[in-house]
Structure formats: structure tokens, C-alpha cells
Amino acid sequence: MRARSARTWIRLGAAAVPLLLIVLQVVSIGHDYEGPLGSVWHDYVGTPKSMSVPWAGLILALVGIPLRSRLIALGAAIGIDAVWVTVRLLHGAPFAVGNGPVWVLTGIAVLAALRRQGVQRRNALHAAALGALLILATKVGDVWLHITVVTRPTVFDHYAMLADHALGDPSWVLGRLLDELGPVVSAILHWVYIELPVAAIVVAVWQLRGVVRAGVWPRHYLVRTFLVLGLVGPLIYVLFPVVGPMFAAGSAGHGLQLGNFWPNVVPPIDRSPTAMPFDAYTPRNCMPSMHTAWALSVFLHTRRSLDGGPAPVWLRVLGTFWLLATLTATLGFGYHYGVDLVAGAVLCLTVESVLRDPARGWGWFRIRLVGLGVVVLAVLLLSYRYLAVAMADYPVLAGTVVLALLAGVIAAFHATWFAGDRDSAQAREMIRA
């Protein structure tokens, strides 16, 4: 019964993806910007919009095919990319890569459907679908950012800025700190921020490294969390549109900002905040901070192996570094307010609680934890919007409450998903002794 239900959901999902792409393409045409299908077409025969995402999708897909096939696929992707790069340069077009992995990813799926049988076919199709979904998710995300601009001509940065006083205006603090640390640190942090998918692919490949050998896919791994976060989180953008301090309070606001405050001067408290009219091209994609949510999910999935044992040290260091560097970048570059990061962290823990350890089912332990996350996220968003002035007037009290809510969700998450892992590991060690 469970297997039949799972297959039903897979079929529904497979049918929903092309329908969603077609709808978004129609919307894009109506508002005169590139849609997801047009972007995919350019990945095949034009200039890819991203040079790293197609390669990330292919690398993810390689976990589902044997070693010899992996080497052939990599060689083919490199060769196709080399041809396209040469053609572009001869015609004076900008340098770009990414066509090769898209063609090869398609080839993996076609060959698996036509030539493979049994477990090999299932593994290859599963992995190719994951790689394709990763690429398509970025296309959908790009269109959704345009939709946030069209549907929300005003932004709530004035409210977020006031609420951020409760956390000590961390974007202003770290913005000045990065100015002092110089261009080298900023360049490293900027690369970490932009290439978050690189860390995710490293972790995902490590988690899925045994799929071909075992012929069994784990019930939960990082890619699932990444994709669900990318589906759920951006919906909040249209409920709480925010552009970030570098735009709303800095020189990047093109004359629509409150003033050129960021990062040197904290704006004075205005007790009559309003929704700010803003431009027609800056995405309203700050609340919640999805980079925080995704980086936190990377961190969580580097704490334990899929069997519950501790992950290797190098992976744990990678997850910790990427989380800390991403948080620093989101604030230090003025992309987000501190309150955005808190909302992003709560969202991540809530979504991860929905997906984690599906074998345990939907007992009261999971319902309680997911419910807590949903309620806390709602309380935070409502407080940022309707209690922003009070949060600025009483920053110590408000900041304590915000951080206490976040700490409560973290503690409940750890007690539910990690404390038991430690107890199980200790029990295994006692048995061995």
C-alpha cells in the first residue's frame, strides 16, 4: 500500500512539473521577461544563464550510474562544453559553460529509459530526475522573483528595519566589519554565498555515494530538503516583501531608499512606518532568508551519517564553515536583516522536521514539532509587521523574545532528531564493548 501511494505521488509530481513550467512561461511572456522554458532552451543551444547549476545537476545525476558510465558522461559533457565555448568565442559571444552537462543529463535519462533494466534503470532515472529538478528549480525561482516585483510594488523594509533594532542591527555591524577586513575576505564570502549549491552537491554526493552498489535510495537526504525549501520559502516573499538594507537604506536603492544609511549609520527610529514604493526590477526576496535556510540544511546534514552515526570530520567542518560564512555574507553585504535570518532558520527546521526520518511516521512528536515551527514563524512575521515600533522601542525585551523563540525551536529539533542518535550511538558502543 505504501509503495503504491508513493508511486501515485511520484506520478502526480511528474505531471505537475511540466504544467508549472508552462504556466510560468505564459506568465513570463505576458510580462516580457524570460520564462523557464526559454531559459532551458538557452541551456541547450544558447548561453546558459548559470555556469555552475547545470554542472551541479549533472554531478548529482552521476551518483545513479556505474563508474565507467560516470567517466564517459563527464568526458562527453566536457567535450560538448568545449565545442560550445569555442563557437561562442569565435562569434564574439561571452564565455560561458553549461550546455554540455544539460545535454549529457538528458542523454542519461533517455538511455536509462531505453537501454537499462531493473535496478540500473531505476537508479539512473531517479538520479537524472534529481539533477533535472535542481536545474528546473532555479528556473522557477528566477521567474518567481519577477513575480514578486510585479505583484508587490511596495516593500516592508521599513518594518523589518525597525524590528531589526531588537537584534542590534547586525547588517550594519557586519557591513562595517567587512569594510575593515578588506577585499580578500569579501571575495571569499561572496564566492561562498553565490556557490551554496557547491556545498550542497558535495554533501548530497557523499550521502548518495552507495546508491549504485546497494541499489537502494535513502528515504531522506539533503536534496529533498533543498527542493522543498525552494518551493515553500519563496511563497512568503509575496506575503512579506523585503528588498534588504543595501537597497532600502543604501546607495543601491536608485533614489527610492529611505536614505544612504547602510552600513555606516543606523537609521533613526521612525514611529510611523509605511510600506515603501520600490522599483520594478529588484526582487522582494529577503523574508525569509533562503540562503540561511539552505545553509542551515547543509549544516544539519553534515552532522550525522544516514545510518545515525557521526559524519566524518571534514564534512562537519565543511558544513560549519559554509553556514557561518553564509550568515556573515548575508548580513555583511547588506542582502538581509537579522530578522530575515531568524525566520529562515525557523523555516528550515520546520521543513526538515516534516521530511526527516520518514520511517518514524507522523506521531505526536512530529506533529508537535512541525506545529511549533509553523506557529513560531507566523508569530515572528506578524510581530515584524505589526509590532515593529514596539520592538525598536524595547530592543532588549523584543530581542530576547525573538532569540528565545528561535532557541526553543532549535532545542525541540535537537531533542527530537539528534539526542536519540547520540543515545543510539552510545548503545551501539556499549554492545561492542
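Everything numeric in this text was worked out from a predicted model, so none of it was measured.

Caption draft 1: Structural detail: the pattern of salt bridges. Counted by the stated rule, this structure contains six salt bridges. The closest approach of N and O atoms between Asp142 and Lys49, which form a salt bridge, is 3.5 Å. Residue Asp142 is found in helix H6 (residues 118-151), and its partner Lys49 is found in the loop between helix H2 (36-45) and helix H3 (53-61); the two are separated by 93 residues along the sequence. Across the pair Asp357 and Arg360 runs a salt bridge, and its minimum N-O distance is 4.0 Å. For Asp357, a relative accessible area of 32% translates into the label partly exposed.

Caption draft 2: Region of the structure containing empty space enclosed by the protein. Considering all chains together, one arrives at one cavity of 30 Å³ or more under this definition. In this structure, the largest cavity spans a volume of roughly 50 Å³. Forming the walls of the largest cavity are Glu34, Gly35, Pro36, Ser39, Lys49, Lys139, Asp142, Val143 and His146. Elements represented by at least two residues in the lining of the largest cavity include exactly H2 and H6. No other element matches H6, which puts four residues into the lining of the largest cavity. Along the lines of polarity and charge, the residues of the lining of the largest cavity split into two nonpolar, three polar and four charged.

Caption draft 3: Expanded view of a nonpolar patch on the surface. A cluster of nonpolar residues, Trp191, Val198, Val202 and Trp314, forms a patch on the protein surface that exposes about 380 Å² of accessible area. Here Val202 is to be found in helix H10 (residues 196-207). Assessed through its relative accessible area of 33%, Val202 is described here as partly exposed.

Quick notes on the rules
- Residues numbered from 1 in each chain as written.
- Predicted model: local features only at pLDDT ≥ 70, side-chain atom pairs only at ≥ 80, totals over all residues.
- Heavy atoms only, no water.
- Salt bridge = Lys/Arg side-chain N within 4 Å of Asp/Glu carboxyl O.
- Helix = DSSP H or I, 4+ residues; strand = E, 2+ residues; numbered from the N terminus.
- Buried < 20%, exposed > 50% of the residue type's maximum accessible area, 1.4 Å probe, protein only.
- 1 Å grid on protein atoms, 1.4 Å probe; cavity = no way out; pocket = protein on both sides within 12 Å on 5 of 7 lines; lining within 4 Å.
- Points joined across faces, edges and corners; volume = space filled by probe spheres on them.
- Nonpolar A, V, L, I, M, F, W, Y, C, P; charged D, E, K, R; others polar.
- Patch = residues over 30% accessible without salt bridge, like charges linked within 9 Å, V, L, I, M, F, W, Y side chains within 5 Å.
- Areas by Shrake-Rupley, 256 points an atom, 1.4 Å probe, with all protein chains shown as cover.

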